[in-house]
Amino acid sequence: MDNIDELLPMYDQVIFNNSCLESCLAQLKYPPVQRFQDDTYMMGIREALATEYPLVTTEQAMNTVVSPQGVIGQTPGAGMLRFTSIDSRWSVVLSSEFISLETREYTNVTEFSTRFASLLSHIETHFNPRHQLRFGLRYINEFRHPKGDNYKAWTQLLNPDLLGLGARGVLGGRVEQTIGEVRTKRSDGSLLVRHGFLQGTTIVPSQNHPSKTGQFYLLDLDYYDETPVPFDAQAPIEQMRRYNDILYRVFRWSIGEGELYQYLRGEA
């Protein structure tokens with residue numbers, strides 16, 4: 001039952017001067033490209049992507065090996081190409097099975113979707129996939145606040161309905177860490193919300209974004225569709241805008257309109 005329109009209010013779009021958004025990622029998967037290791041075949045798409053993202057590096061995915069006793073190691077996976085803009089704001093990862101767009105300096109969905117549409121146009125031109133296997137949009141928020149060095153403060157800063165067991169205090173003692181996950185199956189995909197009181201950061205640091213320390217509250221919003229459909233370069237862009245609308249409403253519901261909201265706006 002998709003009754004989110006009844007349960008989540010509509011919110012006006014506002015500018016948060018103290019942004020808590022640490023990463024925004026969109027990814028589309030397609031059937032494996034058999035000639036991905038063929039340099040001649042790959043030259044066209046590499047040149048197309050390098051026009052806007054000229055800093056190119058080769059990366060290798062790692063596959064985690066798990067046994068009944070737990071994680072026992074990692075093995076090298078498929079090779080990938082990372083294309084980065086000259087100002088390091090934008091990053092594109094291209095593999096034989098997916099393309100993704102990532103930024104840590106998100107501004108708005110219009111800019112983000114326009115860039116992703118351009119990537120899908122290149123995929124259509126150079127790979128011509130027949131199917132889309134998965135599309136997803138993800139926002140990773142890490143709330144930090146001057147009062148946020150203890151869990152009790154977050155019970156006042158965030159919507160109490162988000163926090164659950166820890167906020168009720170039934171376990172006694174001082175809460176040092178929480179982590180929760182809710183996944184719902186909707187008519188247009190799956191909505192996954194991860195949240196919790198943590199320390200440090202969940203984001204891999206980079207040259208322009210050094211690792212953060214201290215306590216924070218995570219709100220990781222991931223909306224995705226794993227239904228195989230014929231490839232259509234425009235369809236994921238329309239889907240992205242719908243997903244963005246829902247995710248923004250979940251975000252605003254989570255922070256309410258109190259002290260944290262004012263702080264993120266730069267008004268407190």
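Refer to the structure above for everything that follows.
Conventions used here
Residues numbered from 1 in each chain as written. Predicted model: local features only at pLDDT ≥ 70, side-chain atom pairs only at ≥ 80, totals over all residues. Heavy atoms only, no water. Helix = DSSP H or I, 4+ residues; strand = E, 2+ residues; numbered from the N terminus. Contact = heavy atoms within 4.5 Å. Areas by Shrake-Rupley, 256 points an atom, 1.4 Å probe, with all protein chains shown as cover. Pairing = 2+ DSSP bridges. Buried < 20%, exposed > 50% of the residue type's maximum accessible area, 1.4 Å probe, protein only. Arc of directions from axis to C-beta. Polar contact = N/O pair within 3.5 Å; in protein donor to acceptor, adjacent residues only side chain to side chain. Phe/Tyr/Trp six-rings, centres within 6.5 Å; stacked < 30°, edge-to-face > 60°. Axes fitted to C-alpha atoms, helices over the stretch in contact; angles between N-to-C directions. Parallel < 35°, antiparallel > 145°, perpendicular 65-115°, else oblique. Left-handed = near helix turned anticlockwise from the far one by under 90°. Nonpolar A, V, L, I, M, F, W, Y, C, P; charged D, E, K, R; others polar. Core = buried A, V, L, I, M, F, W, Y, C linked by side-chain atoms within 4.5 Å.

### With respect to the overall build of the chain
So, step 1. When its secondary structure is counted, the chain shows 8 helices and 11 strands.
So, step 2. Taking as baseline every contact in the chain between residues at least 6 positions apart, the subset at least 24 positions apart corresponds to 69%.
So, step 3. Of the roughly 14600 Å² of accessible surface on the chain, a fraction of 50% belongs to carbon and sulfur atoms.

### Quick word on the pairing of strand 8 (residues 180–186)
Working note: regular strand, side chains alternate between the two faces of the sheet.
So, step 1. Strand direction decides the pairing type here: strand 8 and strand 9 (residues 189–199), joined by 7 bridges, are antiparallel. By the bridge assignment, glutamate 181 is partnered in strand 9 with arginine 194.
So, step 2. The antiparallel hairpin formed by strand 8 and strand 9 contains 2 residues in its connecting segment.

### Some remarks on helix 2 (residues 39–50)
In an α-helix there are 3.6 residues to a turn, and that puts residues three or four apart on one side.
So, step 1. Those residues of helix 2 that sit buried are Met42, Ile45, Ala48 and Leu49. Viewed along the axis of helix 2, the buried residues span an arc of 120°, placing them on a single side of the element. Within helix 2, the exposed residues directed more than 90 degrees away from the buried face are Asp39, Thr40 and Glu47.
So, step 2. Between the side-chain oxygen at the start of helix 2 and the backbone nitrogen of threonine 40 there is a gap of 3.0 Å, and the oxygen is on aspartate 38.

### Some details on the packing of aromatic side chains
In this description, a pair of aromatic rings is defined by centroid distance and the angle of the planes.
So, step 1. In this structure the tally under the stated criterion is 14 aromatic pairs.
So, step 2. Judged by centre distance (6.0 Å) and plane angle (35°), the rings of tryptophan 90 and phenylalanine 112 are tilted. Of the two residues, tryptophan 90 is situated in strand 4 (residues 90–94) and phenylalanine 112 in helix 3 (residues 109–126); the sequence distance between them amounts to 22 residues.
So, step 3. For tryptophan 90, a relative accessible area of 1% translates into the label buried.
So, step 4. Residue class for phenylalanine 112 comes out buried when judged on its relative accessible area of 0%.
So, step 5. Feature note: the residues Phe16, Phe143, Tyr248, Phe251 and Tyr261 constitute an aromatic cluster, connected by ring pairs.

### Topic: the environment of glutamate 226
So, step 1. Residue placement: glutamate 226 occurs in the loop between strand 10 (215–225) and strand 11 (229–230).
So, step 2. The exposed category is assigned to glutamate 226, whose relative accessible area is 52%.
So, step 3. For the pair glutamate 226 and lysine 29, spaced 197 residues apart in sequence, the C-alpha to C-alpha distance is 9.1 Å.
So, step 4. Separated by 3.3 Å, the side chains of glutamate 226 and arginine 134 make a polar contact.

### Re the packing of helix 2 against helix 3
So, step 1. At a minimum axis distance of 10 Å, the contact between helix 2 and helix 3 shows a crossing angle of 160°. Here helix 2 is positioned roughly antiparallel relative to helix 3, judged by the angle of their axes. Crossing handedness for the pair helix 2 and helix 3: right-handed. Contacts between helix 2 and helix 3 pair Tyr41, Gly44, Ile45, Ala48 and Leu49 from the former with Leu119, His122, Ile123 and His126 from the latter.
So, step 2. For the contact of helix 2 with helix 3, the class distribution of residues is 6 nonpolar, 3 polar and no charged.

### Overview of the nonpolar core
So, step 1. In this structure, Leu94, Phe116 and Phe143 are the most contacted members of the largest nonpolar core, which totals 60 residues.
So, step 2. No other element matches helix 7 (residues 235–255), which puts 9 residues into this core.
So, step 3. Beyond its immediate chain neighbours, meaning those up to four positions away, phenylalanine 143 contacts Cys20, Trp154, Leu158, Phe216, Tyr217, Leu219, Phe251, Ile255, Leu260 and Leu264.
So, step 4. Counting residues in hydrophobic clusters, the runner-up holds 5 residues, among them Ile140, Leu198, Phe216 and Leu218.

Remember, this is a structural readout, not a statement about activity or role.
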